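Coordinate inspection notes
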Amino acid sequence: MLIETENLHFSHKINRPWIIDNVSLSVRENESIGIVGESGSGKSTLIRILNGMLPVSQGTVRIGGKDIEERIKEGKRSVQRFGQMVFQSPRGSFDPRMRLARSISEPVRALERRLPSENEVAEVMERVGLSEGLLDRYPHQLSGGQLQRVSLARALLVSPTVLYADEPTSALDVSVQAQVLDLLGKLREDFGLSLVMVSHDLAVVGQMCDRILVMRRGKVVEDGPAHQILSRPTNEYTANLLDAARSVSLRR
Amino acid sequence: MLELRNLRIKSGHKVLSDIPTLTVAPGERLGIVGESGSGKTLTVMSIISLLPEGISATGEVLFHGDNLLGMTERRLQDIRGKRVGVVFQDPSRALNPTMKIGRQLAEVLRLHGESTSRDDIRNKMLKLLKQVSLDAPAVINSYPHELSGGQQQRVVIAIAMACGPDLLIADEPTTALDVTVQKSILELLLCLCSENNMGLIFVSHNLGVVQSICDRIAVMYQGALVEVGPAKVILGSPQEQYTRDLIAASPSIPQAKEG
């Protein structure tokens, strides 16, 4: 099992209110999982715990077969090489004063104490469909879609096993969103990556993920194959969410 | 009711958007779709003369026959907020964070409404908040940050509806909201339009949302009007390649199987 949590709890204060309330889940190798739910349901908090950005309050998290707390004691490196994160706001993900060439090499510098070689950088840029010349520019000189591609390239440079994507296309136009989602699917195949994607958009998750977890108030209320959740949800909350999503998604 | 004629929006000599003609009839719901930078927002902001500094519009914006472009600020104020309501994307920025909701709503009623008596304004306020399905007495005494995003947007809609406008302009009003809240706000807008025979211009990049609320759709691309027509026609048999691309890019959910 790639990622496993057992009775995971998380709170910003000492024991409650639980932001993550007794979550047990598992992610297999090469699997793509979508986490959906309304704002405040704990989706983003959950993947931040899985990526070591927030601590475990109670319960256990194992990544790559090893307890996450042990990994953190060894140094955050072990956790961050395992999983890399792509965030919602491409602009917020880059230092505006740094050229992209420098930004893109930061994770490798921090985790491996070296600079990525020109070949490595050229390869990831090609994989995400961007010209290398863009790396001489500053973030404000690129479009949101281009920047999101650069953040994918930056994540790929450290060869992670899992990619955590937190609403990676919510800030993008619908046509750009389609391109970035296509790219994500392609990268997943090329690099054999597992994907854990947070989104409030059931249509996007349905297109990208094999499995869907539905969260509400810190709990996982439903967990199953994507096609099943989207056609025959068993939980009432999931059914409401689906009904709302259908009413605002395009009927062809 | 509203007719745009040769509306050209410029920044210096650069033409940002050019619309030969576009109309909205009373009670009609027009959706304007297109990608970021296609000129959707500029177009609707030019209708109420709220273009950013340095950007100007030429042509005609006829509202019940009067040209709003070049109208004096004083006369414009009579129309803006009173006969044309506006709802923006981010409700938290449309409300004053230091003022209770009741005071903000009363301000609009005092400025634009006929009556100034306290009881009258309070009654109107309660009626308006009820119309947008909010718990009126509690909301009146709340600050914006004490309300959820959906509740805030309902308040903004109540403010826009305060003087019974003929036309409501909504610029991505549900983009910042959760999908369940989105649905309820769209239902509310639909209901307000039909109850008051109010026209609606709804700007969005989301075709699904526009499909659910509009009877006509205008597609914009790089400042130009690509295609205008009944929603069914635009989404069912689009004539332009750009519209087809936009439809192909929109994610959708398979509909539930019957039985």
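In what follows, the accompanying structure is described. (Residues numbered from 1 in each chain as written. Chains lettered and ligands numbered in written order. Predicted model: local features only at pLDDT ≥ 70, side-chain atom pairs only at ≥ 80, totals over all residues.)

Things to note about the overall build of chain A
Looking only at helices and strands, one finds ten helices and ten strands in chain A. Here the C-alpha radius of gyration of chain A, 18 Å, is about what a compact globule of 252 residues would show, namely 18 Å. For chain A, the proportion of its 252 residues judged to be buried stands at 44%. (Helix = DSSP H or I, 4+ residues; strand = E, 2+ residues; numbered from the N terminus. Rg over C-alpha atoms; globule rule 2.2 N^0.38 Å. Buried ≥ 20, exposed ≤ 12 C-beta atoms within 10 Å, placed from the backbone.)

Let's talk about the overall build of chain B
Along chain B, the regular secondary structure elements total eleven helices and ten strands. A compact globule built from 259 residues should have a C-alpha radius of gyration of about 18 Å, and chain B, at 19 Å, falls within 12% of that. Along the first, second and third principal axes, the C-alpha atoms of chain B reach 60 × 55 × 30 Å. When contacts within chain B are restricted to residue pairs at least 6 apart in sequence, those whose partners lie at least 24 apart make up 66%. (Contact = placed C-beta atoms within 7 Å.)

Topic: the pairing of strand β2 (residues 14–24) of chain B
All names here are of chain B. Examined bridge by bridge, strand β1 (residues 2–11) and β2 share nine bridges and lie antiparallel to one another. Each residue of the ladder has a partner; that of I9, found in β2, is S17. The hairpin formed by β1 and β2 contains two residues between the paired strands, and G12 there has a positive phi angle of roughly 65°. (Pairing = 2+ DSSP bridges.)

Section: the environment of E53 of chain B
Relative to the helices and strands, E53 of chain B is located in the loop between α1 (40–47) and β4 (55–63). Sequence separation between E53 of chain B and L105 of chain B is 52 residues; the distance between their C-alpha atoms is 28 Å.

A closer look at the packing of helix α4 (residues 101–112) of chain B against helix α5 (residues 118–131) of chain B
Residues and elements named next belong to chain B. Relative to each other, α4 and α5 sit at 115°, their axes nearing to 10 Å. The pairing of α4 with α5 is recorded here as roughly perpendicular in orientation. Of the two possible hands of crossing, α4 and α5 adopt the one that is right-handed. Contacts from G102, L105, A106, L109 and R110 of α4 reach α5 at I121, K124, M125 and L128. The residue makeup of the contact of α4 with α5, split by class, is six nonpolar, one polar and two charged. (Axes fitted to C-alpha atoms, helices over the stretch in contact; angles between N-to-C directions. Parallel < 35°, antiparallel > 145°, perpendicular 65-115°, else oblique. Left-handed = near helix turned anticlockwise from the far one by under 90°. Nonpolar A, V, L, I, M, F, W, Y, C, P; charged D, E, K, R; others polar.)

Section: the pairing of strand β10 (residues 224–230) of chain B
All names here are of chain B. Summarising the sheet, strand β9 (residues 216–221) and β10 pair through six bridges and their orientation is antiparallel. Note that in β10 the partner of M220 across the bridge is L225. Linking β9 back to β10 in an antiparallel pair, the connection comprises two residues, with Q222 at a positive phi of about 45°.

Describing the sheet that holds strand β9 (residues 211–216) of chain A
Residues and elements named next belong to chain A. Reading across the sheet, the six strands line up as β6-β7-β8-β3-β9-β10 and stay open at both edges, with mixed pairing between neighbours. Single-partner strands in this sheet number two, and they are β6 (83–86) and β10 (219–225). For this sheet, the mean inter-axis angle between neighbouring strands, taken without regard to orientation, is 15°. Pairing analysis gives four bridges linking strand β3 (residues 32–36) to strand β8 (residues 194–198), with the strands arranged parallel. By the bridge assignment, S32 is partnered in β8 with L195. Most of the contacts of helix α1 (residues 43–50) go to β8, to which it runs at about 145°, and overall it touches β3, β6, β7 (162–166), β8 and β9. Helix α10 (residues 236–248) rests against β3, β9 and β10 of the sheet, and its axis sits at about 105° to β9.

Considering the nonpolar core
Formed by 143 residues in total, the largest nonpolar core has its most connected members in V196 of chain A together with L105 and A158 of chain B. Among residues more than four places away in sequence, those in contact with A158 of chain B are L105, L128, L129, Q131 and V132 of chain B. (Core = buried A, V, L, I, M, F, W, Y, C linked by C-beta atoms within 7 Å.)

Details of helix α6 (residues 144–156) of chain A
Since the α-helix turns once every 3.6 residues, residues separated by three or four places project in the same direction. Residue and element names in this part refer to chain A. If you check α6, its first and last C-alpha atoms are 19 Å apart, about what 13 residues at 1.5 Å a residue would give, namely 18 Å. Among the 13 residues of α6, eleven are classified as buried, and the element is accordingly described as predominantly covered. Tucked into the core, α6 has its buried residues touching β6, α4 (100–112), α5 (118–127), β7 and α7 (174–191). (Expected span 1.5 Å × (residues − 1).)

Side note on the sheet that holds strand β4 (residues 58–63) of chain A
Residues and elements named next belong to chain A. Pairing is antiparallel across the open sheet formed by four strands, whose spatial order is β2-β1-β4-β5. Here the strands that pair on one side only, and so sit at the sheet edges, are β2 (20–27) and β5 (66–67). Across two bridges, β4 lies against β5 in antiparallel orientation. Within the sheet, the bridge partner assigned to R62 lies in β5 and is D67.

Quick look at the environment of K183 of chain B
Mapping K183 of chain B onto the fold places it in helix α8 (residues 179–196). The exposure class assigned to K183 of chain B is buried, which follows from the 22 C-beta atoms found within 10 Å. Once you skip the residues sitting within four places of it in the chain, K183 of chain B turns out to touch A244, S247 and V248 of chain A.

Examining α10 of chain A
The terminal C-alpha atoms of α10 of chain A lie 19 Å apart, and with 13 residues this matches the ideal 18 Å at 1.5 Å per residue to within 8%. Taken residue by residue, α10 of chain A has T238, L241, L242, A244, A245, R246, S247 and V248 of chain A as its buried positions.

A look at the packing of α10 of chain A against α8 of chain B
Taken N-terminus to C-terminus, the directions of α10 of chain A and α8 of chain B make an angle of 55°; their axes are 8 Å apart at the nearest point. Taken together, the axis directions place α10 of chain A and α8 of chain B in an arrangement best described as oblique. Like other packed secondary-structure pairs, α10 of chain A and α8 of chain B cross with a definite hand, here left-handed. Here N240, L241, A244, A245, S247 and V248 of chain A of α10 of chain A come into contact with α8 of chain B, specifically with V179, T180, Q182, K183 and L186 of chain B.

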